[in-house]
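Geometric and topological summary
Read off the chains here:
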Amino acid sequence: KEMMVMEVPSKPSGPHWYELYLQPCVAELLGTALFVFLGCLSVLHDSKDTGLLQPALVHGLALGPIITILQGI
């Protein structure tokens, strides 16, 4: 007699707890820290001629790379 071997596909496992809970919190903390650090740094090195334009531009332009880098998380 021949024996029939049947393979049962395994159930795909879900995301790890790290990816669900810890990784988004770390990404949010890192993004907020970078945003605040760059904003404070732009105010410290503010020149007299630019007024409020330099800190506003730094805050606005800092959001682009931060969002682009951390959007996958």
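Higher on the page you've got the structure.
Residues numbered from 1 in each chain as written. Predicted model: local features only at pLDDT ≥ 70, side-chain atom pairs only at ≥ 80, totals over all residues. Heavy atoms only, no water.

**Topic: the packing of helix α1 (residues 17-44) against helix α2 (residues 53-70)**
Keep this limit in mind: Fitted lines through C-alpha atoms serve as axes, helices being fitted only where they are in contact, and the angles separating the N-to-C directions of these axes extend from 0 to 180 degrees. Secondary structure elements are taken from DSSP: a helix is a run of H or I of four residues or more, a strand is a run of E of two residues or more, and numbering for both begins at the N terminus. Oblique is the label for any angle not covered by the other classes, which are roughly parallel (under 35 degrees), roughly antiparallel (over 145) and roughly perpendicular (65 to 115). Should the near helix be turned counterclockwise from the far one by less than a right angle, the crossing is left-handed, whereas a clockwise turn marks it as right-handed. Contacts between residues were defined by any pair of non-hydrogen atoms, one from each residue, lying within 4.5 Å. Three classes are used: nonpolar for Ala, Val, Leu, Ile, Met, Phe, Trp, Tyr, Cys and Pro, charged for Asp, Glu, Lys and Arg, and polar for all others, with Gly counted as polar.
Two elements in contact, α1 and α2, have axes whose closest approach is 9 Å; the angle formed by their N-to-C orientations is 160 degrees. With respect to α2, the element α1 is oriented roughly antiparallel. Pair α1 / α2 crosses with right-handed handedness. Residues A27, L30, G31, L34, F35, L38, G39, S42 and V43 of α1 form the contact with α2, whose participating residues are Q54, P55, V58, H59, A62, L63, I66 and L70. Partitioned by chemical class, the residues of the contact of α1 with α2 number twelve nonpolar, five polar and no charged.

**Points about α2**
Test applied: Multiplying 1.5 Å by the residue count of a helix minus one yields the expected span of that helix. Throughout, exposure labels follow a simple rule: accessible area from a 1.4 Å probe, protein chains only, divided by the maximum for the residue type, with under 20% read as buried, over 50% as exposed, and the rest as partly exposed. What the arc describes is the spread of directions from the helix axis to the C-beta atoms.
For α2, spanning 18 residues, the distance from its first C-alpha to its last is 26 Å, which sits close to the expected 26 Å at 1.5 Å a residue. Buried residues of α2: P55, A62, I66 and L70, and no others. Burial along α2 is one-sided: seen end-on, the buried residues are contained in an arc of 45 degrees. Exposed positions of α2 whose direction lies more than 90 degrees from the buried face are L53, L61, I67 and T68. Taken together, the buried residues of α2 touch α1.

**A look at the environment of L41**
Mapped onto the fold, L41 is located in helix α1. Among the residues examined, L41 registers a relative accessible area of 34% and is labelled partly exposed. Separated by 27 residues in sequence, L41 and T68 have C-alpha atoms that sit 21 Å apart.

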